[in-house]
Each structure stands twice: as C-alpha cells, then as structure tokens.
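The lines below spell out each chain.
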Amino acid sequence: MRPYTAILLIPTGIGAAIGGYAGDAIPVAKALSQVCDRLITHPNVLNAATMYWNLPNSLYVEGYGLDKFAAGTWGLRPVHQNKIGLLLDRGIEPDLRLRHLQAADAARATLGLHLTDYVITDAPLNVELRNSSSGASWGTIGNLDSLLRAADVLINQAGAEAIAVVARFPDEVDPETENNYRQGKGVDPIAGAEAVISHSIVRTFKIPCAHSPAFLPAPLDSNLSPRSAAEELGYTFIPSVFVGLNRAPQFILEGSDQHPQPGDIWANQVDAAIAPVNACGGSALLSLNQQRCEIIVVEENQTQIQVPPEPLGIKSVRVKSYLEAVGFIAAHKAGINPSALGSNIYPLHSLRNN
C-alpha cells in the first residue's frame, strides 16, 4: 500500500484566522501528521520565529515550489539533510547582523545543522510593504538582482543546497495594521513581501528557500495575542527557518535528466489537500483539483479574501473545523466512507433518482 499523502495549504498574507500569524497553524500540522504518512506543507504553516516543532513525516516546501509540484511539473525528493546557505541583506545594521550570525552559530552548535558560509548582498535589498484592495499584504524588493547574485554565490561557491534569507524590513508599518496583527485580528503586513523574496530564489535556482525578516525589537505590548507572541521571544526569527530547511525536499524537474528514485513524490500521489474555505483561488489548489485528490475546505478558517471553491468548479468536502478535517483524513486513509461514521445511512434504493 502506498503512503497516504496530504497537503496542508494556508496561503500567506491573507489574514487567515488560523495560520495567519506566527506559527499558529503548527498544532493543525501536528495533528494532521498523525493521521497521514506524509504531510506536505509550506513555511507559512511551520515558521514560528524562535519556536518550531520537528514533524518527521512533514515536507517543508516553499510556496512557488509547491505550486509547481501541484501542477505536476516538479517533483519532491526527500533528503536527510541540506547544506543551508545564509543570505543577509546589506541593509541590516551591524549589531542586528551579529545577532543573526549568533543565531546561526547556535543552530550549528545545538541542533547540528549544516550551515555553509554566509553572504551579504552587494546592495541593500530595499524592501517596501504594500496592502492590496482585497486586504492581502504584498511588497516589492528594490534590488532583486542583488538578492539573486548573493544566492548564486552561496550555491555555486559555498555549495548551499537550500537558502535562508534575512532581509531588513521597514520598522515603520501602518500602526493600525501592525496593532491589529499583534492583537491577533489582522493581516500579517510583511507576509506578501516575504513571499516575493522566496519565490524569486526558488523560481531562479530551483532549490529550497525560506525567508526571515530582520527588525529592531518592537515595544513591549501587554495586550499581545498568543498567536503573534512567538515573534517577541528574541532578536531574530531565523531558527524556525533553519529547522525547516534542514530537511526540505529537493525539487526534481519533469523531463530532466535526473534519475528517478524510489522515494520521489509527484502530484498524482497526493490523496488529500486541506485549505481555508474562502482561499481556494491559489494555483496549487486549482491544479490539485485536476488530480484524483480529495479537496477539504475548512469553514472555521476565515480569511480576508472571499474565493470559495464552488464558483471555481472545485469539487470539495466542507468541514467545520480542522478537528473534523483530521477525522475525515483518518477515515479516508482507512478506506472508510466518512458518511458511514454518522447515523444517517439510507437504503440504496432511496438514493435513486426516479
């Protein structure tokens, strides 16, 4: 029997009630990982600044790579360990840069991670933040070429197999937006810009990448939401990125000269995908809808965008909560029709259309 494979999708920067903050979807991922053999998810779900949780059967896949995987053009190849290159924005102040280098040293010494040399970009990246009319966050990178040149050095000179990026983000964020986020009721104002950074590297170099922002410490807030509090624990958010990238699967391209291996994973092996009920317009979910894959949408996880599955022609199973989704996955994996777990089992003849 082949491994049961599920994908947990919670798009970044759209204010998801669960998974829109600082690693607050990790409990969901932990629960789902217990009822499937392989759980594929992305950094927005598993990154929690200085907090993280090792899920041995999870695959940490950057969003652009996840889209390509779902489309069937890229596969995933699990690894035991990656050599991680650290890419630092020249715009980071010397003291803050040192904090990040010390965090990298801690990851090497206490977690046994394999980090290569670090590279500082040849120009500040000049990140700018934006908000769209839909309520989602996004941003721009003023010196994208500098980012890509630094990544090229890490890959081709330092031998990096995955890239951890730390970019200096503006400290001046819209006060109302930032306050809402820290109180657990708004959109992450930096998430969209973070996605631009990691997408650019994965698209160009086709290796795992994740991003961590650099900020000066925020003022103490006695009303801080527990869902945002992971970002208050230290000077850097990089530890969870290092842990995720340590065993992030490598990408394999359809039609390339890479020889198939028994553990390779392709989209046609995915059994189920779980997403917020009104965030169904992403490339990955639209592609998976073309596969023989159960699409499960969670009504409890509301977002700032309103893209339900039905107008897109996505055939889905609606559940109220992630707890119900866990039960659905457990039944599906066991080969049980979930309706058999309820009390309303009707005779077959009553189901016919006369």
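Below: a short report on this structure.

### Section: the environment of Ala279
Take Ala279: it is sitting in the loop between strand 12 (272-276) and helix 9 (283-288). In this structure the C-alpha to C-alpha distance between Ala279 and Gln302, which are 23 residues apart in sequence, comes to 8.3 Å. Leave out the neighbours within four places in its chain, and Ala279 touches Pro11, Ile14, Thr303, Ile305 and Val307.

### A look at unusual backbone geometry
Residue Ala49 is not a glycine yet carries a positive backbone phi of 60°. Secondary-structure assignment places Ala49 in the loop between helix 2 (43-46) and strand 3 (58-60). Look at Lys206: it is not a glycine, yet its phi comes out positive at around 60°. Counting through the fold element by element, Lys206 comes out in the loop between helix 7 (191-205) and strand 10 (209-214).

### With respect to the layout of surface pockets
Considered as a void within the structure, the largest pocket measures approximately 940 Å³ in volume. Taken together, 48 residues form the lining of the largest pocket, with Pro11, Thr12, His42, Asn44 and Ala195 sitting closest to its centre. Looking at the lining of the largest pocket, the elements that each hand over two or more residues are helix 2, helix 3 (63-70), strand 8 (137-141), helix 7, strand 10, helix 8 (238-246) and helix 9. Sorting elements by how many residues they give to the lining of the largest pocket places helix 7 first, with seven residues. Empty space within the second largest pocket amounts to approximately 660 Å³.

### As for the sheet that holds strand 12
Spatial ordering of the open sheet is given by 3-2-1-12-13-14, a layout of six strands whose pairing is parallel. For this open sheet the edge positions go to strand 3 and strand 14 (316-319), each flanked by a neighbour on one side alone. Direction aside, the axes of adjacent strands within the sheet are offset by 25° on average. Of the strand pairs in this sheet, strand 2 (residues 38-41) and strand 3 are connected by three bridges, and their pairing is parallel. Each bridged residue has a counterpart across the sheet, and for Thr41 the counterpart in strand 3 is Tyr60. The strands touched by helix 10 (residues 322-333) are strand 1 (5-8), strand 12, strand 13 (294-298) and strand 14; relative to strand 13, the strand with the most contacts, the crossing angle is about 160°.

Rules of the game
- Residues numbered from 1 in each chain as written.
- Predicted model: local features only at pLDDT ≥ 70, side-chain atom pairs only at ≥ 80, totals over all residues.
- Heavy atoms only, no water.
- Helix = DSSP H or I, 4+ residues; strand = E, 2+ residues; numbered from the N terminus.
- Contact = heavy atoms within 4.5 Å.
- 1 Å grid on protein atoms, 1.4 Å probe; cavity = no way out; pocket = protein on both sides within 12 Å on 5 of 7 lines; lining within 4 Å.
- Points joined across faces, edges and corners; volume = space filled by probe spheres on them.
- Pairing = 2+ DSSP bridges.
- Axes fitted to C-alpha atoms, helices over the stretch in contact; angles between N-to-C directions.

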